[in-house]
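# Coordinate analysis (summary)
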Amino acid sequence: MKITAFYNRLVSWLPDSWVEQLTLLFVRVSLAGIFWRSGRTKIEEGSWLSISDTAKFLFQEEYSNVPLPPLLATYMATYAEHLFPVLLVIGLCTRLSALALLGMTMVIQIFVYPEAWWSVHMIWVALALILIVRGPGRISSDAFIAQRL
């Protein structure tokens with residue numbers, strides 16, 4: 001009985017606690033880190049956003065099943081992998097950013113690496129869905145703006 005009562009108190013306290021807020025921040029940074037690092041591999045070394053020839057080649061050859069022209073897909077993926085992670089880290093337009101990265105994940109899953117569901121993409125989807133459903137938490141620009149409005 002005491003264990004059940006303790007568990008029930010803990011479970012009722014967690015959704016509004018600082019633990020949940022730090023967890024949502026951690027989820028945002030985790031998802032952002034995955035896509036940011038991927039985006040940086042598509043950039044010429046020493047530049048901010050100059051797309052490398054290697055990235056263009058990959059989209060023409062290895063990622064050729066994506067139903068977009070390869071050059072357009074290269075630019076869209078590279079810029080998205082830089083924009084949405086930044087927005088996630090600062091917690092601005094969090095749900096939209098997570099939805100965009102969820103969409104990218106599904107494109108990668110369906111058209112590029114269909115065998116990677118259980119090993120990788122399922123985790124990315126879970127992180128994005130947490131942010132879409134729960135939002136960014138109170139440690140975010142979204143919460144700051146909502147508080148001011």
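For the structure, check the block above.
This is a predicted model, so every value here is computed, not measured.

Quick look at the packing of helix α2 (residues 18-40) against helix α6 (residues 117-134) now. Their axes nearest at 10 Å, the elements α2 and α6 cross at an angle of 135 degrees. With respect to α6, the element α2 is oriented oblique. Classified by chirality, the crossing of α6 by α2 is left-handed. Facing Glu20, Leu24, Val27, Arg28, Ser30, Leu31, Ile34 and Phe35 of α2, the residues of α6 in contact are Trp124, Leu127, Ala128, Ile130, Leu131 and Arg134. For the contact of α2 with α6, the class distribution of residues is 10 nonpolar, one polar and three charged.

Okay, the packing of aromatic side chains next. In this structure the tally under the stated criterion is four aromatic pairs. On the basis of an interplanar angle of 85 degrees and a centroid distance of 4.9 Å, the ring pair of Phe59 and Tyr63 is categorised as edge-to-face. We classify Phe59 as buried; its relative accessible area is 8%. The exposure class assigned to Tyr63 is buried, which follows from its relative accessible area of 16%. With a centroid separation of 6.1 Å and an interplanar angle of 80 degrees, the aromatic rings of Tyr63 and Tyr113 are classed as edge-to-face.

Below, the discussion takes up the nonpolar core. Soluble, globular proteins show a tendency: their nonpolar side chains are buried together. Leu31, Phe35, Leu88, Leu101, Met104 and Leu131 are the most contacted members of the largest nonpolar core, which has 25 residues in total. Going through the elements one at a time, α2, α4 (70-90), α5 (94-112) and α6 are the ones with two or more residues in this core. If we ignore the near neighbours within four places in the chain, the residues touching Phe35 are Glu81, Pro85, Leu101, Met104, Thr105 and Trp124.

A few words on α4. Side chains of residues three or four places apart in an α-helix project in the same direction, reflecting 3.6 residues per turn. In this model α4 runs 31 Å from its N-terminal to its C-terminal C-alpha over 21 residues, within 8% of the 30 Å that 1.5 Å per residue would give. Among all positions in α4, only Ala73, Thr74, Ala77, Thr78, Ala80, Glu81, His82, Phe84, Pro85, Leu87 and Leu88 are buried. In the core, the buried residues of α4 are packed alongside α2, α3 (53-60), α5 and α6. Downstream of α4 by one or two residues, Gly91 has phi in the positive range, about 75 degrees.

Now for unusual backbone geometry. One non-glycine residue, Cys93, lies in the positive phi region at around 55 degrees. Mapped onto the fold, Cys93 is located in the loop between α4 and α5.

Taken together, Phe6, Leu10, Trp13, Leu14, Trp18, Leu22 and Ile139 make up a surface patch of nonpolar side chains, about 700 Å² in accessible area. Elements supplying a minimum of two residues to the nonpolar patch: α1 (2-13) and α2. Ranked by residues supplied to the nonpolar patch, first place goes to α1 with three residues. Relative to the assigned elements, Leu10 resides in helix α1. Taking relative accessible area as the criterion, Leu10 reaches 34% and is therefore assigned partly exposed.

How two helices sit against one another is set out by the angle between their axes and by the gap between those axes. Axis separation between α5 and α6 bottoms out at 8 Å; the angle between their running directions is 160 degrees. With respect to their mutual orientation, α5 and α6 come out roughly antiparallel. With respect to the hand of their crossing, α5 and α6 are arranged in left-handed fashion. Contact residues: Thr94, Arg95, Ala98, Leu99, Leu102, Thr105, Met106, Ile108 and Gln109 in α5; Trp117, His121, Trp124, Val125, Ala128, Leu129, Leu131, Ile132, Val133 and Arg134 in α6.

In this fold, Gln147 is placed in helix α7 (residues 141-148). With relative accessibility at 61%, the residue Gln147 sits in the exposed group. In this structure the C-alpha to C-alpha distance between Gln147 and Ile123, which are 24 residues apart in sequence, comes to 31 Å.

Cut-offs used in this document
Along each chain, numbering runs from 1 in the same order as the chain's sequence is written. Given that this is a predicted model, residues contribute local features only at a pLDDT of at least 70 and side-chain atom pairs are listed and counted only at 80 or more, while totals for whole chains, interfaces and linings are drawn from all residues. Just so you know, side-chain values use all the structure's heavy atoms and leave hydrogens and water out. Lines fitted to C-alpha atoms define the axes, with helix axes restricted to the stretch in contact, and inter-axis angles between N-to-C directions lie between 0 and 180 degrees. Each helix is a run of H or I in the DSSP string that is no shorter than four residues. Each strand is a run of E no shorter than two, and both are numbered from the N terminus. Throughout, the term roughly parallel applies to angles under 35 degrees, roughly antiparallel to angles over 145, roughly perpendicular to angles from 65 to 115, and oblique to all others. Two helices cross in a left-handed way if the nearer one is turned anticlockwise from the farther one by less than a right angle. They cross in a right-handed way if the turn is clockwise. Residues are treated as being in contact if the distance between any of their heavy atoms lies within 4.5 Å. Under the convention adopted here, Pro, Cys and the residues Ala, Val, Leu, Ile, Met, Phe, Trp and Tyr are nonpolar, Asp, Glu, Lys and Arg are charged, and Gly plus all remaining residues are polar. We call Phe, Tyr and Trp rings a pair once their centres come within 6.5 Å, taking the six-membered ring for Trp, and we label the pair stacked below 30 degrees between planes, edge-to-face above 60, and tilted otherwise. To sort residues, take the accessible area from a 1.4 Å probe on protein chains only and compare it with the maximum for the residue type: under 20% means buried, over 50% means exposed, and anything in between is partly exposed. By convention a nonpolar core is built from buried Ala, Val, Leu, Ile, Met, Phe, Trp, Tyr and Cys residues, the set being connected through side-chain atoms within 4.5 Å. Expected span, for any helix, means 1.5 Å times one less than how many residues it has. Residues enter patches when they are more than 30% accessible in relative terms and free of salt bridges; like-charged ones are connected within 9 Å and nonpolar ones (Val, Leu, Ile, Met, Phe, Trp, Tyr) within 5 Å. Only the protein chains shown count as cover for residues, with accessible areas throughout obtained via the Shrake-Rupley method and a probe of 1.4 Å. Salt bridges, as used here, are contacts in which a Lys or Arg side-chain nitrogen is within 4 Å of a carboxyl oxygen on Asp or Glu.

Purely geometric numbers; function is a separate question.
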